[in-house]
Amino acid sequence: MSAAAGGSRSGTAGDWGGFEDNMQGGGSAVIDMENMDDTSGSSFEDMGEMHQRMKEEEEEEGETGAAEDEDGEFLGMKGLRGQLGRQVADQMWQVGKRQATRAFSLYANIDILRPYFDVEPIQVRARLMESMIPVKMINFPQKIAGELYGPLMLVFTLVAILLHGMKTSDTIIREGTLMGTAIGTCFGYWLGVSSFIYFLAYLCNAQITMVQMLSLLGYGLFGHCITLFVTYNIHFHSLFYIFWLGVGGLSTLRMVAVLVSRTVGHTQRLILCGTLAALHMLFLLYLHFAYHKVVEGILDTLEGPNMPPFQRVARDIPLVSNAVLNTTAKAIALTL
Amino acid sequence: MAASEGGVDGGPLFAGLADVSISGDIPVEGEITVPVGSRSPDEDYSTLDEPVKDTIMRDLKAVGKKFVHVMYPKKSSALLRDWDLWGPLVLCVSLALMLQGGSADSKDDGGPQFAEVFVIIWFGAVVITLNSKLLGGTISFFQSLCVLGYCIMPLTVAMLVCRLVLLAGSGTISFIIRLIVVVAMFGWSTLASTAFLADSQPPNRKGLVVYPIFLFYFVISWMILTFTPQ
């Protein structure tokens with residue numbers, strides 16, 4: 001009996017040894033990743049390799065685990081205590097493995113995102129400028145930087161500007177907060193339209209990746225930020241339309257030019273670029289008129305409650321809706 | 001049978017140990033003294049048998065020290081070394097309460113709600129922290145949260161001043177006073193948090209880290225400036 005127990009103990013010892021080895025392997029892999037961060041120029045291939053290695057290690061260890069399982073059964077068949085020990089060890093090993101993989105995946109997620117944030121301030125500035133300059137070069141695919149820092153910051157800036165617009169326009173949202181609505185609108189537009197255009201690009205055989213699409217559309221929001229920031233504070237309809245066509249149009253043109261240069265075929269180009277241009281321009285229009293407010297509003301918010309409640313200047317609704325119709329018609333005409 | 005197997009298994013493990021013998025004249029490197037008699041400095045601060053008052057006072061003192069650090073943003077690592085989230089919690093709750101404006105029972109007036117302020121502060125701080133991690137910063141998650149939270153203090157002070165000024169009356173002069181106070185405190189917050197956080201970033205990317213911090217404090221200070229009690 002004791003002999004059997006001894007045997008099973010040795011079996012568990014083997015288990016534990018394997019466990020420790022695995023843990024060490026996992027730990028060293030994580031440390032490797034940590035070291036890689038510091039170089040901050042870590043390339044994707046490394047990352048992929050790392051993942052591959054981790055997976056292989058896991059598979060290997062799964063196999064050895066199975067082999068040991070048989071062995072353990074054979075040896076510890078009679079020893080109840082041994083079985084119990086094995087079960088406990090097994091359970092602990094499972095829990096530990098689960099936790100380790102969870103922690104690792106959390107770290108890995110951050111690490112996987114890191115190359116997209118590998119930029120210098122000068123690069124960001126240059127890209128912001130470039131996002132307003134359409135380049136008429138459609139024979140050769142234009143370069144798109146797959147970078148997410150700039151787009152993310154622009155989206156957050158847009159959220160802040162929207163919040164400002166909502167506050168000054170006394171927008172009241174039932175069943176939700178201003179904050180949530182602003183974040184939902186901006187991120188929804190960014191992610192939603194990017195995925196939609198990416199899908200269209202896939203259909204139209206355009207050479208673009210999801211990250212490039214996110215980056216392109218994100219930098220395209222720079223024009224929106226400028227336009228909305230100016231027109232939420234200075235309220236002239238004519239000014240807005242100038243900005244809408246000028247600034248918004250430039251950033252849209254830039255995106256269209258890039259997409260055109262990466263697509264082959266007239267119909268495909270028309271579908272892709274028409275959709276993107278229409279969505280982008282209409283989104284700016286929506287953001288402006290949904291949370292727009294007449295001049296007295298901001299003064300009143302600043303001056304305090306003693307002032308008489310501001311009169312909403314009867315905004316020429318028909319004119320606005322006319323304009324919306326016009327632009328919609330224009331956009332549709334552009335699309336077709 | 002099994003025992004013999006166990007013996008065989010165990011054999012190679014300890015076989016190497018038997019051969020090891022250290023002769024007297026080879027000096028052994030490294031420190032091998034066991035600290036039995038001497039007490040480590042940590043054990044002097046045994047907190048098991050001290051009065052509760054001491055414990056609370058010590059924590060309060062630590063929080064207070066950090067407040068002082070924020071008010072005089074020197075290049076000190078005290079704020080980074082032992083972080084806590086008590087100060088940020090207190091500041092955040094007091095700011096949100098003051099912004100609430102006592103209009104809970106009236107119908108929705110578009111003013112900032114408690115939850116909104118609370119969420120903006122924590123969500124914003126988390127986003128800034130993740131951003132700095134992604135840019136390659138060498139600071140831990142909670143350290144950054146702690147610094148950002150403590151650096152809201154100037155803005156909380158600005159909110160207090162604004163409420164006092166609004167008590168006196170609201171007009172152009174009061175607005176100008178509030179504007180000056182809020183802008184000054186906004187600058188203070190941004191400078192203080194940058195002073196603490198900038199060292200942990202790669203030197204060529206400080207601008208990229210500072211921008212979201214700037215945006216974060218800007219939104220909060222703008223909410224403070226446009227606040228009007230109902």
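An unreviewed UniProt entry annotates chain B as Protein YIPF of Amazona collaria.

Per an unreviewed UniProt entry, chain A is named Protein YIPF3, and its organism is Amazona collaria. The annotation that UniProt attaches to chain A under Function (unreviewed entry) is "Involved in the maintenance of the Golgi structure. May play a role in hematopoiesis." The UniProt entry for chain A carries the following text under Sequence similarities (unreviewed entry): "Belongs to the YIP1 family."

J.: Go over the overall build of chain A, please, and point to the residues and values.
T.: Within chain A one finds 11 helices and 0 strands. The order of helices and strands in chain A, counted from the N terminus, is α-α-α-α-α-α-α-α-α-α-α. Among the 336 residues that make up chain A, the fraction classed as buried is 43%. Nonlocal contacts in chain A, meaning residues at least 24 apart in sequence, comprise 77% of its contacts between residues at least 6 apart. Accessible surface, chain A: about 18200 Å² in total, of which carbon and sulfur atoms supply 64%.

J.: Can you explain the overall build of chain B? Please cite residues and give values.
T.: Counting secondary structure elements, chain B contains 10 helices and 0 strands. Ordered by position from N to C terminus, the α and β elements of chain B give α-α-α-α-α-α-α-α-α-α. Buried positions account for 41% of the 230 residues belonging to chain B. Long-range pairs, those at least 24 residues apart, make up 76% of the contacts in chain B with a sequence separation of at least 6. As displayed, chain B offers around 13100 Å² of accessible surface, 69% of which is attributable to carbon and sulfur atoms.

J.: Tell me what's going on with unusual backbone geometry, and back it up with residues and numbers.
T.: Notably, A:Asn205 is not glycine yet its phi reads approximately 65 degrees, a positive angle. Mapped onto the secondary structure, A:Asn205 falls in the loop between helix H6 (178-203) and helix H7 (210-233).

J.: Please set out the UniProt feature "transmembrane region" (unreviewed entry) in chain A residue by residue, giving values where relevant.
T.: Summarizing the sequence annotation, UniProt attributes the feature "transmembrane region" (unreviewed entry) to residues 148-166, 178-204, 216-235, 241-261 and 270-291 of chain A in the numbering used throughout. With 90% helix and 0% strand, the stretch residues 216-235 of chain A has end C-alpha atoms that lie 29 Å from each other.

J.: Outline a nonpolar patch on the surface, supporting the account with residue identities and numerical values.
T.: A cluster of nonpolar side chains, A:Met129, A:Ile133, A:Val135, A:Met137 and A:Phe140, forms an exposed patch at the surface whose accessible area comes to about 480 Å². Relative to the helices and strands, A:Ile133 resides in the loop between helix H4 (121-130) and helix H5 (149-168).

J.: Mind laying out the pattern of salt bridges, listing which residues take part and the relevant values?
T.: All chains considered together, the criterion is met by 4 salt bridges over all chains. For B:Arg205, the salt bridge is made with A:Asp118, and the minimal N-O distance between the two is 2.3 Å. Placement of the pair is B:Arg205 in the loop between helix H9 (172-197) and helix H10 (206-225) and A:Asp118 in the loop between helix H3 (80-113) and H4, with the two residues belonging to separate chains. By relative accessible area, which is 4% here, B:Arg205 ends up buried. Between B:Lys66 and B:Asp84 there is a salt bridge, with its nearest N and O atoms 2.5 Å apart.

J.: Run through the environment of B:Leu130, naming residues and quoting values.
T.: Relative to the helices and strands, B:Leu130 resides in helix H6 (residues 114-134). C-alpha of B:Leu130 to C-alpha of B:Phe141: the two residues are 11 residues apart in sequence and 7.7 Å apart in space.

J.: For H6(A), give the residues involved together with the corresponding values.
T.: Taking 1.5 Å of rise per residue, the 26 residues of H6(A) would be expected to cover 38 Å, and the 36 Å separating its terminal C-alpha atoms lies within 8% of that figure. Of the residues flanking the end of H6(A), it is A:Asn205, one or two places downstream, whose phi is positive at about 65 degrees.

J.: Can you break down the side chain of B:Thr156 residue by residue, with the values?
T.: Tracing the sequence through the fold places B:Thr156 in helix H8 (residues 153-168). Apart from the residues lying within four places of it in its own chain, the contact partners of B:Thr156 are B:Leu91, B:Ser94, B:Leu95 and B:Met98.

J.: Describe the confidence of the model for chain A, naming the residues involved and giving the relevant values.
T.: Residues and elements named next belong to chain A. Chain-level pLDDT for chain A is 72 on average; 60% of the residues reach the 70-or-more range. H7 holds the highest mean pLDDT among the elements of chain A, 91, whereas helix H1 (residues 2-39) holds the lowest, 41. Note that residues 1-46 has pLDDT below 50 and, in this model, 44 contacts with residues that lie over four places away or in other chains. Below a pLDDT of 50 lies the segment residues 304-321, which in the model reaches 22 contacts outside its immediate sequence neighbourhood of four places, other chains included.

How each quantity is defined
What you see as residue numbers is a count from 1 along each chain, following the sequence as written. Chain letters start at A and ligand numbers start at 1, both assigned in the order the entries are written. Local features in this predicted model are restricted to residues whose pLDDT is 70 or higher, and side-chain atom pairs enter the listing and the counts only when it is 80 or higher, whereas totals over whole chains, interfaces and linings include all residues. Calculated side-chain values reflect all of the structure's heavy atoms, with hydrogen atoms and water omitted. UniProt positions are given in the numbering used here, feature names are shortened, and annotations may be inferred rather than shown by experiment. Numbering of helices and strands runs from the N terminus, with a helix taken as a DSSP run of H or I at least four residues long and a strand as a DSSP run of E at least two residues long. Between buried and exposed lies partly exposed: a residue is buried under 20% and exposed over 50% of the maximum accessible area for its type, with that area taken using a 1.4 Å probe on protein chains only. Contact between two residues is taken to exist if any of their heavy atoms lie within 4.5 Å; hydrogens are not considered. The protein chains shown are the only cover counted for residues, whose accessible areas, like all others here, come from Shrake-Rupley with a 1.4 Å probe. Residues enter patches when their relative accessible area tops 30% and they take part in no salt bridge; the joining distance is 9 Å for like charges and 5 Å for the nonpolar side chains Val, Leu, Ile, Met, Phe, Trp and Tyr. For this document, the term salt bridge refers to a Lys or Arg side-chain nitrogen within 4 Å of an Asp or Glu carboxyl oxygen. To estimate how far a helix should reach, multiply one less than its number of residues by 1.5 Å. You can read pLDDT as the predictor saying how much it trusts each residue, on a scale of 0 to 100.

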